Amino acid sequence: MEKKTMVYIQSGGPTPVINTSLYGAIKEARKHADQIGAIYGSRYGIEGLINDNLIDINMESDEDIELLLQTPGAILGTSRFKLPTDFHDPIYLTILKTLEKHNVGYLFINGGNDSMDTCYKLSLLFKEKGVDIKVMGVPKTIDNDLACTDHSLGFPSAAKCVINVVQSIAIDAASYRKGKVFIIEIMGRNAGWLTATIDLLDEDMRPDLIYLPEQDFDLEDFLSKVKTIHERDGYCIVAISEGIHFERSSQSAFVDAFNHVQLGGLCNELCKIVESRLNIPTRPIELSLLQRANPLTISKIDQDEAKAIGALAVKSACQGITGQMVAIKRLTSSPYKTELVIEDLSGIANTERTLPLSMILNDKEMDVSYREYLKPLIVGETDLKWDNGILKYAKFKYVKVK
Ligand code: F6P
């Protein structure tokens, strides 16, 4: 059998385990040495194929490959790049040229719903042009908004981070007799999955109010509740999802290729309103990148699944499967049992799976069905390698392929 090159692409926002899927894919690819010759990484997502900017992953040391398991960020570099719908666009010729030049036979795109759009388009392009390249999607996003999978890789670890950080904030906030209003802003864009995770905390650790993008946000109602809670308890903790529906006085002017506005900073704006309208001191806490770049709270389940899914994508491509994404199907929650399945990309690309309203009880609590769904995902800790108190991380040499 003719050996072909494999190219791995990381795409969209990083997660705590995005590099773990790459690890799983590399390990599996090495088992298929009769089919897969070179193992390349594309620099900065799909841009690496457009600019012929590929690196030879086999030049990286074994130690750095092992450290992928605890390295946040997207080690290969990522991007948010929308491919044109018209296959006559010259960009496709450039991509095909790079793929042909390097004798690529296997392509993997590790990303969220926008990246699955890229994956889907390429699978259609290859079909239309009769190009024999197997292309597979590897799911990831801390937003957990990917369709056709029980959950997205990275969400369990981000959830574990959010839950534990919010618990610590709640303990600290209770220290003063007369405290502040704390507004914690959590990522998730149009989906409230990640913000809702704090529902897993004990009742006395749970924020007093939780606002999700799936529900309406009423400023006057919010202010009145905050006032009442602060008067009653001496402090008030509010958790808001970055994408709640609130008319901002200042919105970032930056929009990505998929027309998503740059979010963030909403907690600052709401805190200013609380201070001016209620005359109560506040502290805005934006979890920002910390929630998706924290190796300390990687969930063992997430790590194991990320490895297994990266590996299965490679195995499937070697079996001739293409245009599909590896997904997780839950069999039971207690005990937690799943199976990995292959899903068609057409039903996944560009669709957003938000938190079902049936899982939201009120502005303080989720339904028990959500707790049961979430509970097993954050279980288990990972072994971490340290160097004099500082976490080790993979440092790639990035040897460019000529
Ligand atoms: O990938 C999803 C996400 O983490 C969203 O929750 C967030 O809004 C967005 O990425 C921010 O990404 P970046 O700051 O990298 O553009």
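The following refers to the structure shown. (Residues numbered from 1 in each chain as written. Predicted model: local features only at pLDDT ≥ 70, side-chain atom pairs only at ≥ 80, totals over all residues. Heavy atoms only, no water.)

Considerations on the sheet that holds strand 3 (residues 54–56)
Hydrogen bonds between backbone groups are what pair the strands of a sheet, and the pairing can be parallel or antiparallel.
Okay, step 1: Pairing in this open sheet of seven strands is mixed, and the strands run 3-2-1-4-5-10-11 from one edge to the other. The open sheet is flanked by strand 3 and strand 11 (337–344), the only strands paired with a single partner. Each strand of the sheet is rotated relative to its neighbour by a mean of 30°, with strand direction disregarded.
Okay, step 2: Here two bridges tie strand 5 (residues 134–139) to strand 10 (residues 324–332), and the two strands are oriented parallel to one another. Residue pairing for strand 10: Met136 is matched across the bridge by Gln324.
Okay, step 3: Across the sheet, helix 10 (residues 300–318) is in contact with strand 1 (4–10), strand 2 (36–42), strand 4 (104–111), strand 5, strand 10 and strand 11; its angle to strand 5 comes to roughly 165°. (Pairing = 2+ DSSP bridges. Helix = DSSP H or I, 4+ residues; strand = E, 2+ residues; numbered from the N terminus. Axes fitted to C-alpha atoms, helices over the stretch in contact; angles between N-to-C directions. Contact = heavy atoms within 4.5 Å.)

Structural notes on the pairing of strand 6 (residues 181–186)
Okay, step 1: When you tally the buried positions in strand 6, you get six out of six residues, the bulk of the element.
Okay, step 2: Relative to strand 9 (residues 282–286), strand 6 runs parallel, the two sharing five bridges. From the neighbouring strand, Phe182 faces strand 9, where its bridge partner is Arg283. (Buried < 20%, exposed > 50% of the residue type's maximum accessible area, 1.4 Å probe, protein only.)

Concerning the packing of helix 1 (residues 18–31) against helix 10
Okay, step 1: Running from amino to carboxyl end, helix 1 crosses helix 10 at an angle of 45°, the nearest separation of the two axes being 7 Å. Our classification of the angle between helix 1 and helix 10 gives oblique. By crossing handedness, the relation of helix 1 to helix 10 is classed as right-handed. Every residue of helix 10 that contacts helix 1 at Thr20, Ser21, Tyr23, Gly24, Ala25, Glu28 and Ala29 is listed here: Gln303, Ala306, Lys307, Gly310, Ala311, Val314 and Lys315.
Okay, step 2: Split into classes, the residues belonging to the contact of helix 1 with helix 10 amount to six nonpolar, five polar and three charged. (Parallel < 35°, antiparallel > 145°, perpendicular 65-115°, else oblique. Left-handed = near helix turned anticlockwise from the far one by under 90°. Nonpolar A, V, L, I, M, F, W, Y, C, P; charged D, E, K, R; others polar.)

Observations concerning the nonpolar core
Okay, step 1: Counting 72 residues, the largest nonpolar core has Met6, Leu68, Phe108, Phe155, Leu194, Leu355 and Tyr370 as the members making the most contacts within it.
Okay, step 2: The two domains that each donate at least three residues to this core are domain 1 (4–142 + 297–349 + 382–391) and domain 2 (155–291).
Okay, step 3: Sequence-distant contacts of Tyr370, that is, excluding residues within four places in its chain, are made with Phe155, Trp193, Ala196, Thr197, Leu355 and Met359.
Okay, step 4: Judged by nonpolar contacts, the second largest core, of 32 residues, contains Ile46, Val104, Ala327 and Leu345. (Core = buried A, V, L, I, M, F, W, Y, C linked by side-chain atoms within 4.5 Å. Domains from an automatic or database assignment.)

Here we look at the side chain of Gln70
Okay, step 1: Mapped onto the fold, Gln70 is located in the loop between helix 3 (62–67) and helix 4 (90–101).
Okay, step 2: We classify Gln70 as buried; its relative accessible area is 4%.
Okay, step 3: Within polar-contact distance, the side chain of Gln70 engages the backbone nitrogen of Lys385 at 2.7 Å.
Okay, step 4: Residue contacts for Gln70: discarding those within four places in its chain leaves Pro295, Ile298, Asp383, Leu384, Lys385, Leu391 and Lys392. (Polar contact = N/O pair within 3.5 Å; in protein donor to acceptor, adjacent residues only side chain to side chain.)

Let's talk about the sheet that holds strand 6
Okay, step 1: If you walk across this open sheet you meet the four strands as 7-8-6-9, and the pairing is parallel. For this open sheet the edge positions go to strand 7 (209–211) and strand 9, each flanked by a neighbour on one side alone. Adjacent strand axes in the sheet meet at a mean angle of 15° when their direction is disregarded.
Okay, step 2: Of the strand pairs in this sheet, strand 6 and strand 8 (residues 236–241) are connected by six bridges, and their pairing is parallel. Bridged to Ile186 within strand 8 is Ser241.
Okay, step 3: Each of strand 6, strand 8 and strand 9 is contacted by helix 9 (residues 266–278), which is oriented at about 170° to strand 9, the strand it contacts most.

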